[in-house]
Amino acid sequence: MTDNAVPCTVKSPVPLQIGDAKTDTSRPGVYVIDVTFPHGQAVKIREISFKNYYTAFLMVRLQKKDPGSPGGCARWVTCLKNHPLMSSPHTEEGSQDYFSIYRHQMLVDPDDVTSVRLILRQPSSAWLNFTLEDIRIHQCASDDSERDMPAWFSQLTPVDQVPDLQGLPNPQTVASSIQQMWALTEVMQTNQTAAPIGRFDVDGCYDVNLLSYT
Amino acid sequence: MAALWDLFPPTRAWGSVQRCHTTGFGHFHRSKSECLHRPEIRIECLKEDVRNFLKKTGWERKLQNAVYRELHVLPQPSHAAAPPEHTKEPLAYMRKAQACWEKRILKSLNSMSTELGVPLARKRPVREQKELLQKWSEMGTNEPDLSHFRPVYAPKDFLEVLTSLRNPNLDSSDEASCRSHLGLIQVSLNVKDIPEMREFFCELSLEKGQLGIDDHTSFPPDLFESDHICLGKKVLSEQDSAAAQQYSRQGCPTGLRAHLWALILNCSNDPEDVMHYEQLKAGVINHDLLVDNLIYKDVKLTASNDDYYFVFEDYLYQVLLCFSRDTAVLEHFNYSSATPPTCHTKGQSGAEDGTSVYPPNGVVPFHGFSMYVAPLCFLYKEPSQLYSVFREMYVRYFFRLHSISSSPSGIVSLCLQFEKLLQVYLPQLFYHLRETGAQPLRIAFKWMVRAFSGYLATDQLLLLWDRILGYDSMEILAVLAAAVFAFRAENLMEVTSLAAAEAVLADLSTLKVMPLLQIFLFATVI
């Protein structure tokens, strides 16, 4: 799968807390990370991927260009609410895992997106810091590229026309059966040489005096 | 094969089938291609005919078992962006701790080799090879001078490393809070509490029959035991790994246990396995490793001194020395947080310079390692079958007991689970022991690291290991450790030192495992 990561600017996390961030002894439980695209481009998002660092819940809001409204002004919509990244905010499970949020998980279609806002929540006071790392936005592959069709394409029998079989088996069923067997033999052929031989010596020699520190 | 797709998610099942092809499913390919040449196979229904042929000859079941085995060891499919080390262990600070620990072991091995003037590995002279071959089945009669060798580490050294494990992102300020760790383990892993355990171990509940309880002589056998044995024979005749695993949750009858475990672990004693074992034996004869001395020392110190296991001393050498030469074990490092030690080797010509793994299987034995093999000697008489069952048990379960990882069956999780169970359900006992300087984990750790081998009576130990296989998890070790403390709570409340607590818990050989587990899980008032 080609990596369609869009270049974007990820701003540093901004804490949301009541009171003065500098003098308050308790740590913030909410951070907001804004992601913007250069030159104000509008993106059709396929996937948002990131590495978690102790964030418990994630909310995603998108700023979409509204084609309907006059002047094309943008509006904010919530596309993901309270998505859990850690099974329990107090324990380590999921705390350093890699995640992807896909289009089909979102409440609204992420088309014509000009800005993405990630709202991170960590209600547990057990952790000193929490954030998301390595945030990438992947866009959908463009499917409107037109290429010239070769001439012989038009000479093929259309699928809906049933050919005259004359007692022979249906080519579709034969083709699918043979294709499966062929795929299996291909796999067997390519994997044959990967079987380990099992010898640990090099040319019958295995003299070791020192272990390496990597 | 379509049935397999129904059982398992497609990507994992396909990965498992691909792996089966590479792990020498030679005669499966041959019989498949022979089948295709038969005249009754028609092209239109090729798929159906091949499928029926596989079912009739029992190959479908074998393939199912093989895929089931792969699914047990394959890690969960990971994110595309996750590097391989993340699959081995997702938490960065644990990877770092494991790497430090491994470096300590390497240094210890290197200095042992230098101080004693013994090379880490060398080719045996021909005369020595002949002597060893002659004495192969009675290596216990050798009396090598092992006085200068010391084990690379003992469980208590490993416990010190685990107690010093710290997450740099954890708030460990001095204020006591509900999340303070009063025990030795200071990391916040996800562990099950008793309500979750009751659900997970539901087959052990009070209303279900158990071997280890309901096969006692005071109960009539037709209450549970004879039906269970009949069911066991049926499971064996079907040769279904998944069914055998489910069956094992209520215990395996003594007469069927060896076959059932081999079925669950998908270990056969085919000519290929015997040949593989002979190849390893040749590796032992040809090359002498320093770790061999460590194995000898360990067997002499532990199994040879044990009333139950001293008779199997020769078998232990035959298995463990071959185990050290088995490069197939290296595969488990793909899903273990550990990394094998490496060394530089030169070919005979002296020109090639390659990197090899030392020992060839990448596993450095520690004090008590031979106790993982000893109980299996009661089940398997053929060294090659004993070997393949032990190897499979190691690469599925035992490796997690001596490496630092966040896995739910890993030793760190087991220790934390044990401490949490005690704190929540026996708070007075926990507090008392902590105040008298007898942190409970200091006593229970050695039990869990060895999976209770050498501490329980053998029949009880095998009943415990039935459940490890049945539930594919080692959490039962933590539950049993807590149950033992609960059982001896009255005596423990009167101790005033760690030594006295150790004395109370020194002898577990009279304990009955299944009643203890059942009472702790299902009859304790929450």
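## Points about the overall build of chain B
- When you go through chain B residue by residue, the secondary structure sums to 25 helices and 4 strands.
- Taking all contacts inside chain B whose residues are at least 6 apart in sequence as the whole, residues at least 24 apart take part in 77%.
- Accessible area for chain B stands at about 22,700 Å²; split by element, carbon and sulfur atoms hold 54% of it.

## Observations concerning the interface of chain A and chain B
- Listed by partner, the interface residues are 53 residues for chain A and 61 residues for chain B.
- Roughly 5,000 Å² of surface becomes buried between chain A and chain B when both sides are summed, with 58% attributable to carbon and sulfur atoms.
- There are 1 salt bridge connecting chain A and chain B.
- Note that A:R27 is salt-bridged to B:D171, the shortest N-O span being 3.1 Å.
- The interface formed by chain A and chain B holds 22 residue pairs in polar contact (both at pLDDT 80 or more) in total.
- Among the secondary structure elements, those contributing two or more residues to the side of chain A that touches chain B are strand 5 (45-53), strand 8 (98-102), helix 1 (171-191) and strand 11 (211-212) of chain A.

## As for the nonpolar core
- Core analysis: the largest hydrophobic core is formed by 191 residues, its most contacted members being A:V116, B:Y358, B:I411, B:W447 and B:F485.
- Broken down by element, this core gets its largest block of residues, 10 residues, from helix 22 (residues 475-487) of chain B.
- Apart from residues lying up to four places away in sequence, B:Y358 is in contact with A:Y206, A:V208, A:L211, B:L109, B:L120, B:A121, B:L289, B:L290, B:V291, B:P341 and B:C343.
- Judged by nonpolar contacts, the second largest core, of 6 residues, contains A:M181, B:L46, B:L54 and B:W59.

## With respect to the confidence of the model for chain B
Residues and elements named next belong to chain B.
- In the predicted model, chain B carries a mean pLDDT of 88, and the fraction of residues at 70 or more is 89%.
- Below a pLDDT of 50 lies the segment residues 1-9, which in the model reaches 15 contacts outside its immediate sequence neighbourhood of four places, other chains included.
- Across the interface, the model reports ipTM at 0.85; the global pTM reads 0.86.

Parameters and conventions
Residues numbered from 1 in each chain as written. Chains lettered and ligands numbered in written order. Predicted model: local features only at pLDDT ≥ 70, side-chain atom pairs only at ≥ 80, totals over all residues. Heavy atoms only, no water. Helix = DSSP H or I, 4+ residues; strand = E, 2+ residues; numbered from the N terminus. Contact = heavy atoms within 4.5 Å. Areas by Shrake-Rupley, 256 points an atom, 1.4 Å probe, with all protein chains shown as cover. Buried area = accessible area lost by both parts, 1.4 Å probe. Salt bridge = Lys/Arg side-chain N within 4 Å of Asp/Glu carboxyl O. Polar contact = N/O pair within 3.5 Å; in protein donor to acceptor, adjacent residues only side chain to side chain. Core = buried A, V, L, I, M, F, W, Y, C linked by side-chain atoms within 4.5 Å. Buried < 20%, exposed > 50% of the residue type's maximum accessible area, 1.4 Å probe, protein only. pLDDT = per-residue confidence, 0-100.

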